[in-house]
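A structural walkthrough
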Amino acid sequence: MSRETPEQVLKAIVDGINAGNLDVLLALYEPEAAFAPQPGSLAHGLAGIRESLAAFIAMKGTLDLQVTRVLEAGGLALVAGVWSFTGTGPDGAPVKLTGHNADVLRRQGDGSWRFVIDNPWGTD
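Keep in mind the model is a prediction, meaning the values are calculated, not measured.

Attention shifts here to the packing of aromatic side chains. The final tally for this structure, using the stated rule, is three aromatic pairs. Seen in terms of ring centroids, Trp83 and Trp121 are 5.3 Å apart; in terms of plane orientation they differ by 75°. Their pairing is edge-to-face. Highlighted residues: Trp83 in strand S4 (residues 76-88) and Trp121 in the segment after strand S6 (113-118), separated in sequence by 38 residues. A residue is classified by how much of its surface remains accessible, and Trp121, at 14% relative accessible area, is buried.

Of all hydrophobic cores here, the largest spans 30 residues; its most connected members are Ile13, Ile17, Leu28, Tyr29, Leu53 and Phe115. Residue assignment for this core shows that the elements contributing at least two residues are helix H1 (6-19), helix H2 (22-26), strand S1 (29-38), helix H3 (45-57), strand S3 (62-73), S4, strand S5 (94-107) and S6. Top contributing element to this core by residue count: H1, with six residues. Discounting residues that sit within four places of it in the chain, Leu53 has contacts with Ile17, Leu22, Leu25, Tyr29 and Phe35.

Conventions adopted
- Residues numbered from 1 in each chain as written.
- Predicted model: local features only at pLDDT ≥ 70, side-chain atom pairs only at ≥ 80, totals over all residues.
- Heavy atoms only, no water.
- Phe/Tyr/Trp six-rings, centres within 6.5 Å; stacked < 30°, edge-to-face > 60°.
- Helix = DSSP H or I, 4+ residues; strand = E, 2+ residues; numbered from the N terminus.
- Buried < 20%, exposed > 50% of the residue type's maximum accessible area, 1.4 Å probe, protein only.
- Core = buried A, V, L, I, M, F, W, Y, C linked by side-chain atoms within 4.5 Å.
- Contact = heavy atoms within 4.5 Å.

Structure, rendered in structure tokens:
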């Protein structure tokens, strides 16, 4: 899994969710990163992110994401995109989610990128 560009990190998120590989997903986040599991809510640190992503993976669905814009400055990147997810809820009912993400990534010392803030809900 390459993380040489912000776009590659977002592709790795899609691949990790679709494969249900939580360990691969967690490697894409800084230790103090935050994830928005729903609009207006943040899970902090790898433990909170693990719990949030595990619930998402439990829906055994398919994520599709298209990066629409990447703005880079000073070792930070703002990544915007459009995504959709289809899966199965805990009650067995079909789940269909869509959104516009607005994520912040930071270039690491080794040149790779990791999430600082993963916000799949954009400005919602």
